[in-house]
Amino acid sequence: MEYEIVTLEEKIAVGVSARTNNASPDMGAVIGGLWNCFYNEGVYASVPDKANAKALGIYTEYEGDEKADYTAMAACETSAEPKGENYAVCRIPAGKYAKFVIHGDMVQAVGTAWQEIWKMNLPRAFQCDFEEYQDDCMENAEIHIYVGLKEEKSAVESRCGLLCSACGYREQMNCAGCVHIEKPFWGDSCPVKACCEAKQHEHCGQCKEFPCDLLNGFAYDEKQGDNGERIEQCKRWRNK
């Protein structure tokens, strides 16, 4: 399955919750019951300060990996925590997530996607994962699945894949590398750096359009290019 790495800010989610386990025979009934309660028993309608109309399916408070118990929630994002109300509240932590975009039957497509995600070698944090339902079309919905990733010390030296540690200009121009400066020493701006940071990616290899025409233009430029080596470096950073 294709995905991109995104950095999210903290979200407040309000709804209903229950403990379950993927191996439990009543897991489907537990999660289905949460959605029934959320919509058919008036919970969604009563939640104050909704940030948008999107529903969230949240999996948090893991006791271990995907085989362990966790808390499931049917919820929506809010701009503030409700006061004095009997809701389940979750703060989806800020950080890096693998973002999957799927389309299809709202129940079957999500179930199939999770079966595939469980097989993937992702550096999962098992802190909080969630589904964000973009619409209420049961048969052909668009759902974004966010899988929380471990925060590791970054080895990334640039946005485009250049190894700043091997650059001859590093000491000569007192350049700390584009990850650590606002603009490059050689001009007012770098379009690759600007594009990558606008999408909140750590480097180009995290983008779903990688490698794009812009990056290819730099990588294979006759005078300043490196015959695609920076693209290969982005792949190495992504696959770590």
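Residues numbered from 1 in each chain as written. Predicted model: local features only at pLDDT ≥ 70, side-chain atom pairs only at ≥ 80, totals over all residues. Heavy atoms only, no water.

Some remarks on the overall build of the protein chain
Along its length, the protein chain carries seven helices and eight strands. Across its three principal directions, the C-alpha atoms of the protein chain cover 65 × 35 × 35 Å. With 240 residues in all, the protein chain has 42% of them scored as buried. Taking all contacts inside the protein chain whose residues are at least 6 apart in sequence as the whole, residues at least 24 apart take part in 68%. Put simply, the protein chain shows about 13600 Å² of open surface, and 48% of that area lies on carbon and sulfur atoms. Computed over 25 positive and 39 negative side-chain charges, the separation of the two mean positions in the protein chain equals 6 Å. (Helix = DSSP H or I, 4+ residues; strand = E, 2+ residues; numbered from the N terminus. Buried < 20%, exposed > 50% of the residue type's maximum accessible area, 1.4 Å probe, protein only. Contact = heavy atoms within 4.5 Å. Areas by Shrake-Rupley, 256 points an atom, 1.4 Å probe, with all protein chains shown as cover. Lys, Arg positive; Asp, Glu negative; His and termini not counted. Charge placed at Lys NZ, Arg CZ, Asp CG, Glu CD.)

Re the pattern of salt bridges
Throughout the structure, instances matching the rule amount to 13 salt bridges. Across the salt bridge formed by glutamate 10 and arginine 91, the nearest N and O atoms sit 2.8 Å from each other. Taken together, the residues glutamate 10 in the loop between strand S1 (4-8) and strand S2 (11-20) and arginine 91 in strand S5 (residues 88-92) connect sequence positions 81 residues apart. With a relative accessible area of 42%, arginine 91 lands in the partly exposed category. Salt bridges sharing common partners tie together Glu10, Glu81 and Arg91. (Salt bridge = Lys/Arg side-chain N within 4 Å of Asp/Glu carboxyl O.)

As for unusual backbone geometry
Going from phenylalanine 210 to proline 211, the amide bond is cis rather than trans, its omega being -10°. Of note, proline 211 is situated in the loop between helix H5 (191-198) and helix H6 (213-219). Here phenylalanine 126, not a glycine, exhibits a phi torsion of approximately 50°, which is positive. Mapped onto the secondary structure, phenylalanine 126 falls in strand S7 (residues 124-133). In the Ramachandran plot, asparagine 174 falls in the positive-phi region, its phi being about 50° despite a non-glycine side chain. Note on asparagine 174: relative accessible area 71%, which makes it exposed.

Observations concerning the pairing of S2
Among the 10 residues that make up S2, seven are buried, leaving the element largely enclosed by the rest of the structure. Where S2 lies against S5, five bridges are found, and the strand directions are antiparallel. For lysine 11, the partnering residue across the bridge sits in S5 and is isoleucine 92. Where S2 meets strand S4 (residues 70-78), nine bridges bridge the pair, whose relative direction is antiparallel. For alanine 18, the partnering residue across the bridge sits in S4 and is alanine 72. (Pairing = 2+ DSSP bridges.)

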